[in-house]
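Take a look at the letters that make up each chain.
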Amino acid sequence: QVQLVESGGGLVQAGGSLRLSCAASGRTFSRYTMGWFRQAPGKEREFAAAIMWGGGNTRYGDSVKGRFTISRDNAKNTVYLQMNSLKPEDTAVYYCAGRMDYPSTRLPVDRFEYNYWGQGTQVTVSS
């Protein structure tokens, strides 16, 4: 099993940047596909980005493509989400998620395919 703890959320003006981090416990982090999802008030949890266990492949939701970058450091058991050119509609609770997927190269966008979740971190973008 793996436990996930997000950090890095906060309040930022539109056009600004934030970097979220997700620290994972456990010795098998390098075998987990990791994802970032977000949930705004009154809306369903939405896929933002995913990265393969080896870090080679990534996938993005249409609403963040070109502005957000997911990366990971397996030596540090951490996955990151660099968010640039933030917009007020990016305001949401951001969740880190993981699934044991080695050696698959799939990058699921469905939240129900992820087994492990962090507690979330709030990102608020002011206009």
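Scoring rules and cut-offs
Residues numbered from 1 in each chain as written. Predicted model: local features only at pLDDT ≥ 70, side-chain atom pairs only at ≥ 80, totals over all residues. Heavy atoms only, no water. Disulfide = S-S within 2.5 Å. Helix = DSSP H or I, 4+ residues; strand = E, 2+ residues; numbered from the N terminus. Buried < 20%, exposed > 50% of the residue type's maximum accessible area, 1.4 Å probe, protein only. Phe/Tyr/Trp six-rings, centres within 6.5 Å; stacked < 30°, edge-to-face > 60°. Lys NZ or Arg CZ within 6 Å of the ring centre and 35° of its normal.

### Looking at the state of the cysteines
Overall, the coordinates contain one disulfide when judged by the stated rule. At a sulfur-sulfur separation of 2.1 Å, the disulfide partner of C22 is C96. The sign of the S-S torsion, about -80 degrees, decides the handedness of the disulfide formed by C22 and C96: left-handed. Remark: C96 occurs in strand β9 (residues 92-100) and C22 occurs in strand β3 (residues 18-24); sequence separation between them is 74 residues. Under the relative-accessibility criterion, C96 is labelled buried at 0%.

### What about the packing of aromatic side chains?
Summed over the entire model, instances satisfying the criterion amount to seven aromatic pairs. Centroid distance W53 to Y102: 4.7 Å. Interplanar angle 75 degrees. Geometry classified as edge-to-face. You can see W53 sitting in the loop between β5 (46-51) and β6 (58-60) and its partner Y102 sitting in the loop between β9 and β10 (116-117), a full 49 residues away along the chain. Ring geometry for Y114 and W117: centres 6.4 Å apart, planes at 65 degrees, overall edge-to-face. Judged by relative accessible area, which is 27%, W117 ranks as partly exposed. An aromatic cluster of at least three residues, connected via ring pairs, comprises F37, F47, Y95, Y114 and W117. Over the ring of W117 we find R45, and its NZ or CZ is 5.0 Å from the ring centre.

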